[in-house]
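# Close look at the chain arrangement
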Amino acid sequence: MARIATAALAAGLAVAAGGLALADQLAYENARFGTRFALPAHMFTAIDPPPANSDGIRFLSDDGAALSIFGQFNVFNETPEQMRQRLAGYRAENAESVTYEAAGDDWLVLSGFSGTDIYYERYEFGRDAVVHGAVLVHPAADKARYQRLVASFAERLTGP
């Protein structure tokens, strides 16, 4: 696990405004899939090493939250509704609750509880059979801290 300040450039992060130490937002872009996400710099303090296949990255906070941003191929050729059903089924099989779910023409959202944590995941269907994803898991006790971030996922997650 690397600290944000020392790992930002190596992980493909660009500063959205000003210098890294002064920035309010960090902009992550996945070179393989073009997945982009602007994240609040103050909320996350560390980055896990990226996977060898360059699918994405995971940011960590001091309170135990994790934000994963990634791209993937739509290998099952699913519609957003089909993917929503599959992911909700996976959550249920793992004794996790789904308290909110929705899907549109090119996106889907799932949210609920995994033990004492809250998860929120959003997927945007892009071109060339690519799905862009962002998954936030945080302690339920910190719901208020992460509510604004969750509310802006649709604007923050983009890709071709």
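An account of the accompanying structure is given in this report. Just so it is clear, the model here is predicted, and its values are computed rather than measured.

### Points about the side chain of His-132
Looking at the element boundaries, His-132 is found in strand E11 (residues 130-139). Overall, His-132 belongs to the buried group, its relative accessible area being 0%. Side-chain polar atoms of His-132 contact the backbone oxygen of Pro-160, separated by 3.0 Å.

### Considerations on the packing of aromatic side chains
Applying the stated criterion across every chain, the model contains 7 aromatic pairs. On the basis of an interplanar angle of 80° and a centroid distance of 6.3 Å, the ring pair of Tyr-28 and Phe-59 is categorised as edge-to-face. Separated by 31 residues along the polypeptide, Tyr-28 in strand E3 (residues 25-29) and Phe-59 in strand E6 (residues 56-60) bring together distant segments of the chain. Of the two residues, Tyr-28 and Phe-59, both sit in the buried class. Taken together, the ring pairs in this structure connect Tyr-28, Phe-44, Phe-59 and Tyr-146 into an aromatic cluster. Over the ring of Tyr-119 we find Arg-91; its NZ or CZ atom is 3.6 Å from the centre of that ring.

### A few points about the pattern of salt bridges
Where side chains of opposite charge bring their charged atoms close, a pairing between them can arise. Here the structure, examined in full by the defined rule, presents 11 salt bridges. Put simply, Arg-36 and Glu-29 hold a salt bridge, and the shortest N to O gap is 3.9 Å. Take Arg-36: its relative accessible area is 33%, and that puts it in the partly exposed class. Overall, the relative accessible area of 42% leaves Glu-29 in the partly exposed class. The partner of Glu-78 in a salt bridge is Arg-86, with the nearest N and O atoms 2.8 Å apart. Here Arg-86 falls in the partly exposed class, since its relative accessible area comes to 36%. Salt bridges sharing partners connect three or more residues here, namely Glu-81, Arg-84 and Glu-101.

### Here we look at the nonpolar core
Phe-37, Leu-39, Phe-44, Phe-59, Leu-67, Leu-149 and Phe-153 are the most contacted members of the largest nonpolar core, which has 21 residues in total. Counting residues per element, the ones that place at least two in this core are E3, strand E4 (36-40), E6, strand E7 (66-73), E11 and helix H3 (143-151). Setting aside residues no more than four positions away along its own chain, Leu-149 makes contact with Phe-37, Pro-40, Met-43, Phe-44, Leu-136 and Arg-156. Within the second largest apolar cluster, 11 residues are counted, among which are Leu-87, Ala-88, Tyr-123 and Val-135.

### What about unusual backbone geometry?
Even without glycine at this site, Asn-77 takes up a positive phi of about 55°. Within the element layout of this structure, Asn-77 appears in the loop between E7 and helix H2 (80-93). Despite not being glycine, Ala-129 shows a phi value in the positive range, around 60°. The topology assignment puts Ala-129 in the loop between strand E10 (117-125) and E11.

Cut-offs and rules
- Residues numbered from 1 in each chain as written.
- Predicted model: local features only at pLDDT ≥ 70, side-chain atom pairs only at ≥ 80, totals over all residues.
- Heavy atoms only, no water.
- Helix = DSSP H or I, 4+ residues; strand = E, 2+ residues; numbered from the N terminus.
- Buried < 20%, exposed > 50% of the residue type's maximum accessible area, 1.4 Å probe, protein only.
- Polar contact = N/O pair within 3.5 Å; in protein donor to acceptor, adjacent residues only side chain to side chain.
- Phe/Tyr/Trp six-rings, centres within 6.5 Å; stacked < 30°, edge-to-face > 60°.
- Lys NZ or Arg CZ within 6 Å of the ring centre and 35° of its normal.
- Salt bridge = Lys/Arg side-chain N within 4 Å of Asp/Glu carboxyl O.
- Core = buried A, V, L, I, M, F, W, Y, C linked by side-chain atoms within 4.5 Å.
- Contact = heavy atoms within 4.5 Å.

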